[in-house]
Amino acid sequence: MSKNPKVLGIIPARSGSKEIPGKNIAIVGSKHLIAWTIEIAKRAKKLDKIIVSTDSEKYASICKNYNVEVPFLRPPELSSDEATSEDVVIHALKWMKKNEQYHPDYIL
């Protein structure tokens with residue numbers, strides 16, 4: 001492993017919340033709820049790449065406005081109530097490896 005390991009931050013944000021529809025893009029305070037998470041992730045000095053994994057074009061557009069990468073849209077089968085965080089992370093890692101030749105040493 002290199003002296004400066006690559007650390008990928010993955011922010012999952014599916015659009016299908018049943019308890020609070022649209023919660024990730026709801027305005028909380030002065031910005032979208034997801035923006036608070038993005039901003040905190042950007043403060044983490046050890047993260048060299050941050051991506052959002054979402055199933056929604058609308059969510060992706062909002063996240064991009066906060067200057068974070070949304071390199072793909074998550075497939076529907078990984079956006080259901082049954083999909084696990086592990087499934088989402090594995091999908092993101094496989095996508096990053098195949099499409100961007102990005103191989104992180106750690107994920108958060």
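Preceding block: the structure.
Note that the structure is a prediction, hence the values are computed from the model and not measured. Numbering of residues begins from 1 in every chain and follows the order in which that chain's sequence is written. Where local features are concerned, this predicted model is filtered to residues with pLDDT of at least 70; where side-chain atom pairs are given and counted, the filter is 80 or more; whole-chain, interface and lining totals use all residues. Computation of side-chain values covers all heavy atoms of the structure but excludes hydrogens and water.

A short note on the pattern of salt bridges
What makes a salt bridge here is a side-chain nitrogen of Lys or Arg within 4 Å of a carboxyl oxygen of Asp or Glu, nothing more. Tallying each qualifying case throughout the model produces 5 salt bridges. Note that glutamate 39 is salt-bridged to lysine 31, the shortest N-O span being 2.7 Å. The residue glutamate 100 makes a salt bridge to lysine 49 at a minimum N-O spacing of 3.7 Å. Within this pair, whereas glutamate 100 is found in helix α3 (residues 85-100), its partner lysine 49 is found in strand β4 (residues 49-54), the two being separated by 51 residues in sequence. Exposure remark for glutamate 100: the relative accessible area of 30% places this residue in the partly exposed category. Classification of lysine 49 as buried rests on a relative accessible area of 15%. Sharing partners across several salt bridges, the network here consists of Arg14, Lys18 and Asp81. The numbering of helices and of strands both runs from the N terminus, where a helix is a DSSP run of H or I of at least 4 residues and a strand a run of E of at least 2. Only protein chains enter the calculation, and the probe is 1.4 Å; a residue is then buried if its accessible area is under 20% of its type maximum, exposed if over 50%, and partly exposed in between.

Description of the packing of aromatic side chains
Centres within 6.5 Å are what make two rings of Phe, Tyr or Trp a pair, Trp counting through its six-membered ring; a difference in plane orientation under 30 degrees is then read as stacked, over 60 as edge-to-face, and the rest as tilted. Across all of its chains, the model carries 1 aromatic pair by this definition. Geometry around tryptophan 36 places lysine 31 over its ring, the cationic atom sitting 4.1 Å from the centre. When the NZ atom of lysine or the CZ atom of arginine is within 6 Å of a ring's centre and also within 35 degrees of its normal, the charge is said to sit over that ring. The lysine or arginine in question, lysine 49, covers the ring of tyrosine 102, its NZ or CZ lying 5.4 Å from the ring centre.

Some points on the pairing of β4
For β4, a buried count of 6 out of 6 residues is recorded, marking the element as mostly surrounded by other parts of the structure. DSSP calls a pair of strands paired once it identifies at least 2 bridges connecting them. By the bridge criterion, 6 bridges tie strand β1 (residues 7-13) to β4 in an arrangement that is parallel. What sits directly across from leucine 8, in β4, is lysine 49.

Observations concerning the sheet that holds β4
With parallel pairing, 3 strands are arranged side by side in an open sheet as β4-β1-β5. The two strands at the open ends of the sheet, each matched to only one other strand, are β4 and β5 (106-107). Set on the sheet, α3 makes contact with β1, β4 and β5; between it and β4 the angle comes to about 120°. Contacts between residues were defined by any pair of non-hydrogen atoms, one from each residue, lying within 4.5 Å. Axis lines are fitted through C-alpha atoms, for helices just across the contact stretch, and the angle between N-to-C directions can take any value from 0 to 180 degrees.

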